[in-house]
Amino acid sequence: MDQTLVAVNESTVSGLGRLARFFGFSDVMGRLYGTLLLSPEPLSLDELADTLEISKGSVSMNMRDLERWGMAKEVWVRGERRKFYKAESDMWQVIRNVLESREQREVNLAIHVLGNSIEKLQAAECDLTPEEQRLARFYLDRIADLQAFFQFAQLALHAVLGSDKALDFDAITRIEIE
């Protein structure tokens, strides 16, 4: 294969590994996704292990994670009994899957915990000394700011996740190699 193609493939796969690690996923998961994304044909666990020079067990474990996040799916290959995989190439769908599965859950949990904290402080306020009441009001102010931030994050997530049909991704230009 041409050295330019090899270099671009290696740098892209490596870059996706670093990006995955940045977002809290494993480097291997990012490199597997990159390898699948840049493969015109589905790849087997063996092919993925050989390409990335990692164990088949690691490939299998990380592929389950990629499937769970909607970043890859198992596909049937005629005449083959082995498992083959293909990457989800729609980046918008990948982002939606991650936002829905992880970020939205964490934001909702933060809002719930903060709401409970506010309720507890308000319920306990009359039992507190004047000095403790001042501290409780300080806590309430800070927690209210945090709650407002997470409510804004929740609105932003809803706007992003609910807008898939409103966005015209065909209108976005692509880099063309001539």
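Please refer to the structure placed before this passage.
On a predicted model such as this, the values are computed, not experimentally measured, just so you know.

**Overview of the pairing of strand β3 (residues 84-87)**
Turning to step 1, where the next piece is worked out: Note: strand β1 (residues 43-44) against β3, 2 bridges, orientation antiparallel. Bridge assignment links S44 to a residue of β3, and that residue is F84.
Turning to step 2, where the next piece is worked out: Both strand β2 (residues 72-75) and β3 contribute to a ladder of 4 bridges, which runs antiparallel. Residue pairing in the sheet places E74 in a bridge with Y85 of β3.

**Here's the deal with helix α1 (residues 3-22)**
Structurally, the α-helix is built with 3.6 residues per turn, so residues lying three or four positions apart point the same way.
Turning to step 1, where the next piece is worked out: The first and last C-alpha atoms of α1 sit 28 Å apart over 20 residues, in line with the 28 Å expected at 1.5 Å per residue.
Turning to step 2, where the next piece is worked out: Along α1, the residues that are buried comprise V13, L16, G17 and A20. Seen along its axis, α1 keeps its buried residues to an arc of 105°; they face one direction. In this structure, α1 carries Q3, T4 and F22 as exposed residues pointing more than 90 degrees from its buried face.
Turning to step 3, where the next piece is worked out: Of the surrounding secondary structure, the elements contacted by the buried residues of α1 are α2 (27-37) and α3 (45-52).
Turning to step 4, where the next piece is worked out: A side-chain oxygen of the first residue of α1 lies 2.8 Å from the backbone nitrogen of T4; this N-cap is D2.
Turning to step 5, where the next piece is worked out: Following α1 by one or two positions, G24 adopts a phi angle in the positive range, close to 90°.

**Description of unusual backbone geometry**
Turning to step 1, where the next piece is worked out: Phi is positive for E53, close to 55°, though the residue is something other than glycine.
Turning to step 2, where the next piece is worked out: Its location among the elements puts E53 in the loop between α3 and α4 (56-68).
Turning to step 3, where the next piece is worked out: For E53, a relative accessible area of 74% gives the class exposed.

**A few points about the environment of E74**
Turning to step 1, where the next piece is worked out: Relative to the assigned elements, E74 resides in strand β2.
Turning to step 2, where the next piece is worked out: On the basis of relative accessibility, which here comes to 41%, the residue E74 falls in the partly exposed class.
Turning to step 3, where the next piece is worked out: Separated by 30 residues in the primary sequence, E74 and S44 place their C-alpha atoms 9.3 Å from one another.
Turning to step 4, where the next piece is worked out: Discounting chain neighbours no more than four positions away, the residues touching E74 are E67, K83, F84 and Y85.

**Let's talk about the layout of surface pockets**
Over the atoms, a rolling probe the size of a water molecule traces out where space has been left empty.
Turning to step 1, where the next piece is worked out: The computed volume of the largest pocket comes to approximately 440 Å³.
Turning to step 2, where the next piece is worked out: Mapped by element, the contributors of at least two residues to the lining of the largest pocket are α1, α2 and α5 (91-124).
Turning to step 3, where the next piece is worked out: Among the elements that line the lining of the largest pocket, the one with the most residues is α5, at 7 residues.
Turning to step 4, where the next piece is worked out: Residues that form the lining of the largest pocket fall into these classes: 14 nonpolar, 1 polar and 2 charged.

Reading the values: rules and limits
- Within each chain, residues carry numbers counting from 1 in the order of the written sequence.
- Per-residue local features of the predicted model are confined to residues with pLDDT of at least 70, and side-chain atom pairs are confined, for both listing and counting, to 80 or more; whole-chain, interface and lining totals are unaffected and use all residues.
- For the side-chain quantities, the full set of heavy atoms in the structure was used; hydrogens and water were omitted.
- One bridge is not enough; two strands pair if DSSP finds at least two bridges between them.
- Helix and strand definitions here come from DSSP, where helices need a minimum of 4 consecutive H or I residues and strands a minimum of 2 consecutive E residues; each element is numbered from the N-terminal end.
- What a helix should span is 1.5 Å times the count of its residues minus one.
- Only protein chains enter the accessibility calculation, which uses a 1.4 Å probe; a residue is then buried when its area is under 20% of its type maximum, exposed when over 50%, and partly exposed in between.
- Of all possible arcs, the one meant is that of the directions from the helix axis to the C-beta atoms.
- Whether two residues are in contact is decided by their heavy atoms: any pair within 4.5 Å suffices.
- The term polar contact refers here to a pair of N or O atoms within 3.5 Å; inside protein, the definition further demands a hydrogen-donor-capable atom paired with an acceptor-capable atom, and it admits residues adjacent in sequence only when both atoms are side-chain atoms.
- Definitions used throughout: a 1 Å grid over protein atoms alone; a cavity as a set of points that fits a 1.4 Å probe which cannot get out; a pocket as an open set with protein on both sides within 12 Å along at least five of seven lines; a lining residue as one with an atom within 4 Å of a point.
- Grid points are joined across faces, edges and corners, and a volume is the space filled by probe spheres set on the points.
- All amino acids are sorted into three groups, where Ala, Val, Leu, Ile, Met, Phe, Trp, Tyr, Cys and Pro are nonpolar, Asp, Glu, Lys and Arg are charged, and the leftover types, Gly among them, are polar.

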